[in-house]
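# A structural walkthrough
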Amino acid sequence: MENKENDNDVMFGSWIAIALIFIAVIGTTISVFLALFLLFCLVFGIYYFMTNDRRKLERENNRQERLESLEIAKYQRKLEQERILEEQEKAKEQELHKYQQLRKDIEAMPEYEHWRQAVFKERGRKCTRCGSTENLEIDHRFKSFYAIIKEYGVTNTNQAYECPVLWSVDNGAPLCKTHHDETTSSIYRQLKMSINKI
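None of these values were measured; they are calculated from a predicted model.

For the structure on display, the rule yields four aromatic pairs. Summarising the aromatic geometry, the rings of Tyr-112 and Trp-167 are spaced 6.5 Å apart at their centres and angled 75° between planes, so their arrangement reads as edge-to-face. Note that Tyr-112 is positioned in helix H2 (residues 110-123) and Trp-167 in the loop between helix H4 (157-161) and strand S2 (172-176), a separation of 55 residues in sequence. Each member of the pair, Tyr-112 as well as Trp-167, carries the same accessibility label: buried. Lying over the aromatic face of Phe-145, Arg-103 brings its terminal NZ or CZ to 4.3 Å of the ring centre. Between the NZ or CZ atom of Arg-125 and the centre of the ring of Phe-120, over which it lies, the distance is 4.3 Å.

So, in structure tokens, the structure goes:
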């Protein structure tokens, strides 16, 4: 009976020893994992703070590059707009030059002088506004010279000769130079010529 109790005590003691060993192993394992976790946190924290300035610098550089790209794109758009405006101005100047040359060529045609004389004959040799008989010119009163040229696509003297509206006596009226210069078409023409000379 006493041996049985001793055996029970030994067995009980053995279980306690095993439990204590198990607890020690578990505790050690937890301690190791905890130590590793703390070490990882420490290393990560050091890495994060050491690289924080570099990340800030990279972000700033990226922001600066984006701003520079936007500025370059804006500048390129501005250059393109200026180029388009310059081309439009050149095209207008060329068109004006062609028109001025065509007008000179048409006014040098015998038909133009015949038209002028026909208007004088029909309306009289005096300004239809003030009655002056000096410095008389012929005004295209209903449809301007430029409007006729544009509307009928006249680009040379042959086409001008074939354009009956250009030689219509009803569209002409004698005006003195002062009143002729006050007409809308003359003011526009003089303005365009003055701009072209600048």
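By the definition in use, this model includes 11 salt bridges. The residue Lys-150 makes a salt bridge to Glu-95 at a minimum N-O spacing of 2.6 Å. Placement of Lys-150 in helix H3 (residues 145-151) and of Glu-95 in helix H1 (residues 2-107) is noted, with a sequence separation of 55 residues between them. Looking at Lys-150, the relative accessible area reads 47%, which means it is partly exposed. One salt bridge connects Asp-170 with Arg-123, and the closest N-O pair in it is separated by 4.0 Å. Here Asp-170, found in the loop between H4 and S2, pairs with Arg-123, found in helix H2; they are 47 residues apart in sequence, far enough to count as distant. When its relative accessible area of 26% is taken as the criterion, Arg-123 is described as partly exposed.

Let us look at the nonpolar core. Judged by nonpolar contacts, the single largest core of 21 residues is most densely connected at Ile-106, Phe-145, Ile-149, Val-154, Leu-166 and Trp-167. A total of four residues in this core trace back to one element, the largest contributor, which is H2. If we ignore the near neighbours within four places in the chain, the residues touching Ile-106 are Tyr-112, Phe-145, Ile-149, Val-154, Thr-157, Ala-160, Leu-166 and Trp-167.

Let's shift gears to the state of the cysteines. By definition, a disulfide is the covalent link that joins the sulfur atoms of two cysteine residues. Under the definition given, this model contains zero disulfides. With no disulfide of its own, Cys-127 lies 3.7 Å from the sulfur of Cys-130, the closest cysteine sulfur. Using a relative accessible area of 3% as the deciding quantity, one classes Cys-127 as buried. For Cys-176, which is in no disulfide, the shortest distance to another cysteine sulfur is to Cys-130 and amounts to 3.8 Å.

This brings us to the confidence of the model for the protein. Caution applies to low-pLDDT parts of the model: their predicted coordinates are not meant to be read in detail. Mean pLDDT for the protein: 79, with 79% of residues reaching 70 or above. Mean pLDDT values over the elements of the protein span from 51, in helix H6 (residues 184-197), up to 93, in H2.

Calculation criteria
- One numbering rule holds for all chains: residues counted from 1, following each sequence as written.
- The model is predicted, so local features are restricted to residues of pLDDT at least 70 and side-chain atom pairs to those at 80 or more, both for listing and for counting; the totals for chains, interfaces and linings are taken over all residues.
- Hydrogens and water molecules were not included; the side-chain quantities draw on all heavy atoms of the structure.
- Two rings from Phe, Tyr or Trp (for Trp, the six-membered ring) form a pair when their centres sit within 6.5 Å of each other. Planes less than 30 degrees apart are called stacked, planes more than 60 degrees apart edge-to-face, and all others tilted.
- Secondary structure is summarised from DSSP: a helix means a run of H or I of at least four residues, a strand means a run of E of at least two, and numbering begins at the N terminus for each.
- Residue burial is assigned from relative accessible area. The probe radius is 1.4 Å, only protein chains are included, and a residue is buried under 20% of its type maximum, exposed over 50%, and partly exposed in between.
- Criterion for a charge above a ring: Arg CZ or Lys NZ at most 6 Å from the ring centre, at most 35 degrees from the ring normal.
- Any Lys or Arg side-chain nitrogen found within 4 Å of a carboxyl oxygen on Asp or Glu counts as a salt bridge.
- Residues belong to a common nonpolar core when they are buried Ala, Val, Leu, Ile, Met, Phe, Trp, Tyr or Cys residues joined through side-chain atoms within 4.5 Å.
- Contacts were defined at the residue level, with two residues in contact if any of their heavy atoms lie within 4.5 Å.
- Whenever a pair of cysteine sulfur atoms sits within 2.5 Å, that pair is classed as a disulfide.
- As a per-residue measure, pLDDT tells how confident the predictor is, with possible values from 0 to 100.

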